[in-house]
Amino acid sequence: MSHATNFFLLILLFIVGQWLVKALRRHDAHTAQRTGADGARGAADKADNRNGAARQSGAPQLAEPMIRCVECGVHAPKSDSVVVAWRGILQRRACAAARRATHGPRRSMSVEFTVDADGWVAQARKLPSPNVEARPQGAVPTLIVVHNISLPPDEFGGTAIAELFLNTLDCNAHPYYDTHLRGVRVSAHFVIHRDGALEQFVSCNERAWHAGPSNFFGRERCNDFSIGIELEGSDTTAFEAAQYDTLSALVTALASRYPIEALAGHADIAPGRKTDPGPHFEWARLQSDTALADRYFPYLKFSKTP
Ligand SMILES: [Zn+2]
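On a predicted model such as this, the values are computed, not experimentally measured, just so you know.

1. A closer look at the overall build of the protein chain
No. 1: In terms of regular secondary structure, the protein chain is built from eight helices and 14 strands.
No. 2: A buried classification covers 30% of the 306 residues belonging to the protein chain.
No. 3: Within the protein chain, contacts between residues separated by at least 24 positions form 58% of all contacts whose residues are at least 6 apart in sequence.

Structure, rendered in structure tokens:
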């Protein structure tokens with residue numbers, strides 16, 4: 001064949017190729033539109049993932065390709081997935097773990113805490129408080145009590161909470177300390193600061209002094225059988241997302257280590273005397289973050305209507 005013929009064939013191949021690509025795209029778009037119309041009749045079963053995305057956006061040509069996560073089965077945008085080797089072949093994975101790996105930490109499950117045999121959380125800053133005693137014979141933690149605290153009241157940051165629990169607070173440093181905290185001996189197992197940082201003052205195996213006179217459905221002395229968690233905050237301010245993240249990870253760890261049966265606010269077990277954690281604490285958020293069943297939240301009013 002002559003050079004001219006070769007050249008002509010090449011051009012022809014290119015044109016046919018272009019036409020084929022366009023035809024395939026038209027077919028895809030057409031299928032997407034038809035799927036949108038027939039979606040309710042189950043045509044979606046046959047449609048591929050891209051058509052699924054097209055149905056949602058209503059713009060088939062611009063829809064982001066969708067993939068099905070090989071591990072958890074969730075449908076997700078292709079850009080939100082990673083390629084992994086799966087049983088010898090390369091597949092796309094889009095579950096939380098994969099997203100974490102590519103996009104950095106997301107929400108609560110990115111934090112995981114462990115409680116050692118002595119009742120200390122490995123990831124917490126350990127500040128042993130002298131305000132502690134053994135739990136009564138046979139008592140184990142079955143209740144988690146959520147509090148709020150800020151020192152001075154409604155002021156965040158600083159080290160006053162830790163100093164209070166360590167009996168080193170200078171009560172001349174603020175009129176509130178002078179009036180209310182002189183000689184006070186208290187502690188909680190945990191403090192969660194505004195940035196989510198976790199401090200532990202008392203082993204979970206021991207009794208901290210956080211609840212005071214209290215009653216959990218007829219059972220007095222809640223310190224005997226509870227773990228106290230203080231959120232740095234007040235009754236007038238919303239808590240930080242980082243605090244919910246730490247709290248849910250902590251509750252999850254405690255509930256898997258101890259026979260926890262319920263969570264309560266300090267106000268629930270000491271009504272009339274205490275108001276914390278206050279109206280800004282989102283119990284439903286904690287439940288959602290921890291995925292604990294309704295029975296763990298006996299003071300929450302659950303709506304039966306969706
Ligand atoms: Zn309290």
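2. What to know about the sheet that holds strand β5 (residues 125-126)
No. 1: Strand order in the open sheet formed by six strands is β5-β9-β8-β13-β7-β14, with mixed pairing between adjacent strands. Because the sheet does not close on itself, it has two edges, and the strands there are β5 and β14 (262-265).
No. 2: Sheet strands touched by helix α6 (residues 241-257): β7 (143-149), β8 (190-192), β9 (198-200), β13 (226-232) and β14. Its angle to β13, the strand with the most contacts, is close to 170 degrees.

3. Some details on the environment of Pro-259
No. 1: By the secondary structure assignment, Pro-259 is in the loop between α6 and β14.
No. 2: Sequence separation between Pro-259 and Thr-142 is 117 residues; the distance between their C-alpha atoms is 5.5 Å.
No. 3: The residues touching Pro-259, leaving out its near neighbours within four places in the chain, are Val-140 and Thr-142.

4. Focus on the nonpolar core
No. 1: In this structure, Ile-144, Val-145, Phe-190, Ile-229, Leu-247 and Leu-250 are the most contacted members of the largest nonpolar core, which totals 43 residues.
No. 2: Elements supplying a minimum of two residues to this core: β7, α4 (160-165), β8, β13, α6, β14 and α7 (266-269).

5. Observations regarding the pairing of β13
No. 1: β13 sits mainly inside the fold: seven of its seven residues count as buried.
No. 2: Covered by surrounding structure in β13 are Ser-226, Gly-228, Glu-230 and Glu-232 together with Ile-227, Ile-229 and Leu-231, the residues of both alternating faces.
No. 3: Bridge analysis of β7 against β13 gives seven bridges, and the strand direction is parallel. Bridge pairing links His-147 to Glu-230 in β13.
No. 4: Summarising the sheet, β8 and β13 pair through three bridges and their orientation is parallel.

6. Focus: the environment of His-193
No. 1: Here His-193 is to be found in the loop between β8 and β9.
No. 2: The class for His-193 is buried, based on 22 C-beta atoms found within 10 Å.
No. 3: Taking the C-alpha atoms as reference, His-193 lies 9.8 Å from Ile-149; in sequence the two are 44 residues apart.

7. Considerations on the packing of α6 against helix α8 (residues 283-290)
Geometrically, a packed helix pair is captured by the angle between its two axes and the distance between the axes.
No. 1: Closest axis-to-axis distance for the α6/α8 pair is 9 Å, and the angle between their directions is 55 degrees. By the criterion of interaxial angle, the relationship of α6 to α8 is oblique. Taken as a pair, α6 and α8 cross one another with a handedness that is right-handed. Here α6 contributes Tyr-244, Leu-247, Ser-248, Val-251 and Thr-252 to the contact with α8, which in turn contributes Arg-285, Leu-286, Asp-289 and Thr-290.
No. 2: Taken together, the residues of the contact of α6 with α8 break down into four nonpolar, three polar and two charged.

8. So, the confidence of the model for the protein chain
No. 1: Residues of the protein chain with pLDDT of at least 70 account for 64%, and the chain-wide mean is 80.
No. 2: Low pLDDT, under 50, characterises residues 29-60; the predicted model gives this stretch 40 contacts beyond four residues in sequence or across chains.
No. 3: Predicted confidence for residues 96-108 stays below pLDDT 50, and this span has 20 contacts to residues more than four positions away or in other chains.

9. Details of unusual backbone geometry
No. 1: A cis amide bond, omega -15 degrees, links Leu-151 with the succeeding residue Pro-152.
No. 2: With respect to the secondary-structure elements, Pro-152 resides in the loop between β7 and α4.
No. 3: Omega for the peptide link from Asp-276 to Pro-277 comes to 10 degrees, which places this bond in the cis form.
No. 4: Residue placement: Pro-277 occurs in the loop between α7 and α8.
No. 5: The backbone phi angle of Phe-217 is positive, close to 50 degrees, even though this residue is not glycine.
No. 6: Turning to its location among the elements, Phe-217 is positioned in the loop between β11 (215-216) and β12 (219-220).

10. Section: α6
No. 1: Over its 17 residues, α6 extends 24 Å from the first C-alpha to the last, a length consistent with the 24 Å expected when each residue adds 1.5 Å.
No. 2: All of the buried residues along α6 are Gln-243, Tyr-244, Asp-245, Thr-246, Leu-247, Ser-248, Ala-249, Leu-250, Val-251 and Leu-254.
No. 3: In this structure, the buried side of α6 is in contact with β7, β8, β9, β13, β14 and α8.

11. As for the pairing of β7
No. 1: In terms of residue burial, β7 counts as a mostly covered element, since seven of its seven residues are buried.
No. 2: Neither face of β7 is open: one carries Leu-143, Val-145, His-147 and Ile-149, the other Ile-144, Val-146 and Asn-148, and all of them are buried.
No. 3: Sheet topology note: the β7/β14 ladder contains four bridges and is parallel. Considered in β14, the bridge of Ile-144 is made with Leu-263.

Criteria and cut-off values
- Residues numbered from 1 in each chain as written.
- Predicted model: local features only at pLDDT ≥ 70, side-chain atom pairs only at ≥ 80, totals over all residues.
- Helix = DSSP H or I, 4+ residues; strand = E, 2+ residues; numbered from the N terminus.
- Buried ≥ 20, exposed ≤ 12 C-beta atoms within 10 Å, placed from the backbone.
- Contact = placed C-beta atoms within 7 Å.
- Pairing = 2+ DSSP bridges.
- Axes fitted to C-alpha atoms, helices over the stretch in contact; angles between N-to-C directions.
- Core = buried A, V, L, I, M, F, W, Y, C linked by C-beta atoms within 7 Å.
- Parallel < 35°, antiparallel > 145°, perpendicular 65-115°, else oblique.
- Left-handed = near helix turned anticlockwise from the far one by under 90°.
- Nonpolar A, V, L, I, M, F, W, Y, C, P; charged D, E, K, R; others polar.
- pLDDT = per-residue confidence, 0-100.
- Expected span 1.5 Å × (residues − 1).

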